[in-house]
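What follows is the residue order along each chain.
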Amino acid sequence: MRKQEMRSGGEANQIHGASSPAEQVKALVDLLAGKGSQLDQNLPAPDRTPDSPQVPHSNDSRIQRHREALLSRTGSGQGLGGSSHRLASLLLVDGLTDLQLREHDFTQVEAMRGGWRPARTIPLDRLFLPLSRVSIPPRISITVGVAGMGKTTLVRRFVHLWARGQVGKDFSLVLPLTFRDLNTHEKLSADRLVCSAFPTVGEAGLAAMAPARVLLVLDGLDECKTPLDFSNTMACTDPKKDIQVDHLITNIIRGNLFPDVSVWITSRPSAAGQIPGGLIDRMTEIRGFTREEIQACLEQTFPEDQTLLGQVLSQVQTDRALYVMCTVPAFCKLTGVALGHVYRSRLALHNVGLGPPQTLCELYSWYFRMALGGEGQEKGKGNPRIEQVAHSARKVVGTLGRLAFHGLLKKKYVFYEQDMKAFGVDLTLLQGTLCGCFLQREETLTSSVAYCFNHLSLQEFVAATYYYSASKRAIFDLFTESGMSWPRLGFLAHFRSAAQRAMQAEDGRLDVFLRFLAGLLSPRVNALLASSLLLAQGEHQAYHAQVAELLQGCLHPNTAVCARSVNILHCLHELQHTELARSVEEALQNGALAKLTGPKHWAALAYLLQVSDTCSREINLSLCLGQGVFQSLLPQLFYCQSLRLDNNQFQDPMMELLGSVLSGKDCRIQKISLAENHISNKGAKALARSLLVNRSLTALDLRSNAIGPQGAKALADALRINRRLASLSLQSNGIRDDGAKFMAEALASNQTLCVLHLQKNSIGLMGAQRLADALKQNRTLKELMLSSNSIGDGGGKTLAEALKMNQVLQSLDLQSNSISDTGVAALMGALCTNQTLLSLNLRENSISLEGAQTLARMLRMNSTLQHLDLAANLLHDEGAQAIAVAVGENHAVTSLHLQWNFIQAGAARALGQALQLNGSLRSLDLQENDIGDEGASAVATALKPPDGLHWHPRGPSTGGGPGCEQDIGDT
């Protein structure tokens, strides 16, 4: 963020009387605040009521009138989110993500699955205050939110609360403007911007100055008629000079004009990307509805009809895609109205073909039916009066559709009376109920009237209906503004043109338009709108199959599966042509994904990653991805929480690409497995670089690769900074002692890693010593796996010393590490005092009678160890008997493994006696021993039905029958 300069009041007074632009702005504030006016000090304080504005710092009558004017503009405060806590605080974010910069608002919401980025919140009353004692207030603040999220409602709420003296008390003046107001001017000066919009300011305020704060609010940057161009705009510091409005805004943001005025801009994310990040001091984001807020919104829509409310709520909650979109407040309200009409309609309930909506286009078609009075049109088809009304409605929708379509092409979302006239919209009809369902009307400060569609998606749907109708009779390309192009005859030619344009639009602004256009060809939508006289009955049948084939033809090979490709699958869903997506989903379930190699299959997979809860939670892409396919799928891997990419023969270049995904701000991958690939230290370094900035990954599995000591060093360096990764597996990577040393150094400072797997890495005594030293300091690691290394007795001793100090580690795996009785004695001595270790694996070592005796002493004293694995050692009968006696006194161990230990009937009898005393043991494994029938009987006799002990006596002399491993306690 750009650094700002601090100016004291003394420095401001030293330049009193100068004529710079900054001084003139301060002088205006000085007049408004009444600084230096002796008359105002003698005025009596106004009587204050709870609803009257409170002026904490000034009694100036102009400020008072300004506050009252703002209160009258914002109303009583009802409908400004006063009953909701959603707008009481915003998400504090550190910039826009690639998804927000590049994609359509619908795509953003769908990709985030109705959630929002993890971020700290900032209360509305602290929105423009410093974040800490050493920081300064922001000058340029931007609040972003997708269309319909409530940005204008937020601004009006803030202005209303400021006018009542409840927030922003450090601002002596708040000047709210919308880009709908600014669009009515071609050229404007900074002075006229303020004076023409707020007549109470007057002209005399440029003579004096005062160090008071002013907030300029610019609402709706995405509605600005001319894009901001910070590269080619000339600097202007003269507040009296008339310049183009976009140049004026650019110079205000740069600080060339009003440098001491705070500026608050609201915008959709894509439009906010016009402003260079270096000029933004604070960025916030409005979060969407929670589940409870969706329910509250629908309850307000149906306050008295609980039955209808229940039906609508059930539909929203069971349709995952619909629920996700309902996190946008404006869409939620539109959905409530449309579904209410669905369930009120007897036709919907009794006609099999017109049930509740299954696609987005169906939902908007029901809304259309409601707006056009679709009820009873079938009955009154022969009535001249009804047919006249229907014809008039169709004409209005047609002209509005043409307006909506050309607005989309020009990225224009606000229309004025001259626009309406240019597209043949009858202004006299705009006051009717029909237009009220589609348009919002608002008077600007210059007394002109601005219109916009109730929601961006409504403009896109109306535009699609116009294009659908016009394309059947148009000769030239409808996308060509001049009307001249190569001839295009027939609906399919025009549909192909629309699909091509949508695929070429990098910002995705035609994505939802194309979805609606495809949806108009579905049988259910045709049945809905044919009765409303918008479509001809059954005409979809002529185009349905051809359009489906045309859409699939847009999925070209050897290209990345971008958001445009995924949108094609959304179009097929709207068309109710779901065979492609279903085939890929079935292949995923059956593990046959490798057989599907076409680009359309990978696009369908990317689509499933977005819309399927199952795929987004965890997807297994092992043994099925080549380099080209992986490359093409990369953009869509952001949204999967758990990703398995094992056995794909990935090499280091693939890790560079994967690292770029993990480095993205909008990456949501939490777990990733890359086991059994061909990743070396270069690939590990690429992944390590991504861990420096990644904020989502909690588990990384790199087992059975070849990262070596240098790869381990890179990952260890990243762990010193990363505060998110909780589990790391480096099994079978040849990191050796040097790699273990690097990981130990990271463990000494890392505060998040809980699980570390280092099996089969040729780690010896030195590596074990370094890890033991780290365990003495570490306070988070709970599981350490060192099996199949060669730490020996020396390593066991060093780890034992660490266990005396460490009070966090819960699981330690030392299987197959050449540990004999000496090392075991040290470990058991430590466990006599350690109170946190729950699981110890000493399988496949060299523990004999002496070691068994030290194990027995530990079991008598330790009260926390629950799982003990001693399989494949050299305990023999005498050592097992010593352990058995201790088990009789122990009341903590629940699982004991003693298989492959040369145990005979004597030890089995001792274990049977111990089980009569022990009440905690639930699993006992004696497989591959020689306990015989006598030993098995002794253990079985000790079992009681309520105990539910699982034991496994299979061995050379027990017969190994089918019942040997059952729960004998339940038999």
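Anything mentioned here points back to the structure above.
Parameters and conventions
Residues numbered from 1 in each chain as written. Predicted model: local features only at pLDDT ≥ 70, side-chain atom pairs only at ≥ 80, totals over all residues. Heavy atoms only, no water. Salt bridge = Lys/Arg side-chain N within 4 Å of Asp/Glu carboxyl O. Helix = DSSP H or I, 4+ residues; strand = E, 2+ residues; numbered from the N terminus. Buried < 20%, exposed > 50% of the residue type's maximum accessible area, 1.4 Å probe, protein only. Contact = heavy atoms within 4.5 Å. 1 Å grid on protein atoms, 1.4 Å probe; cavity = no way out; pocket = protein on both sides within 12 Å on 5 of 7 lines; lining within 4 Å. Points joined across faces, edges and corners; volume = space filled by probe spheres on them. Nonpolar A, V, L, I, M, F, W, Y, C, P; charged D, E, K, R; others polar. Pairing = 2+ DSSP bridges. Expected span 1.5 Å × (residues − 1).

Counted according to the given criterion, the structure contains 30 salt bridges. In this structure, Asp170 engages Arg213 in a salt bridge whose closest nitrogen and oxygen atoms are separated by 2.5 Å. Taken together, the residues Asp170 in the loop between α7 (151–163) and β4 (171–178) and Arg213 in strand β6 (residues 213–219) connect sequence positions 43 residues apart. The closest approach of N and O atoms between Arg287 and Glu293, which form a salt bridge, is 3.1 Å. Judged by relative accessible area, which is 14%, Glu293 ranks as buried. It is possible to trace a salt-bridge network through shared partners that takes in Arg156, Arg180, Glu223 and Glu442.

Since there are 3.6 residues in each turn of an α-helix, residues three or four apart along the chain are aligned in direction. Of the residues making up helix α37 (residues 821–831), those classed as buried are Asp821, Gly823, Val824, Leu827, Met828, Ala830 and Leu831. Elements in contact with the buried residues of α37: α36 (792–805), β21 (839–841) and α38 (849–861).

Within this structure, the stated rule accounts for five cavities of 30 Å³ or more. Each pocket or cavity is described by its volume, and for the largest cavity that value is around 260 Å³. Forming the walls of the largest cavity are 21 residues, and the residues nearest its centre are Gln108, Met112, Gly115, Trp116 and Glu285. If you list the elements that add at least two residues to the lining of the largest cavity, you get α5 (98–102) and α6 (105–111). Partitioning the lining of the largest cavity into residue classes produces nine nonpolar, eight polar and four charged.

Sheet strands pair via backbone hydrogen bonds, and the direction of the pair is either parallel or antiparallel. Sheet architecture is open: three strands sit in the order β10-β12-β11, paired in antiparallel fashion. Of all the strands in the sheet, just β10 (415–416) and β11 (439–443) have a single pairing partner and so form its edges.

A few words on α7. Given a rise of 1.5 Å per residue, 13 residues ought to cover 18 Å, and the 18 Å separating the end C-alpha atoms of α7 matches this to within 8%. Across the 13 residues of α7, ten count as buried, placing the element largely inside the fold. Those residues of α7 that sit buried are Lys151, Leu154, Val155, Arg157, Phe158, Val159, His160, Leu161, Trp162 and Ala163. Of the surrounding secondary structure, the elements contacted by the buried residues of α7 are α4 (61–74), β1 (89–93), β3 (140–144), β4, β6 and β8 (262–267). Just past α7, the residue Gly165 takes up positive phi, approximately 75°.

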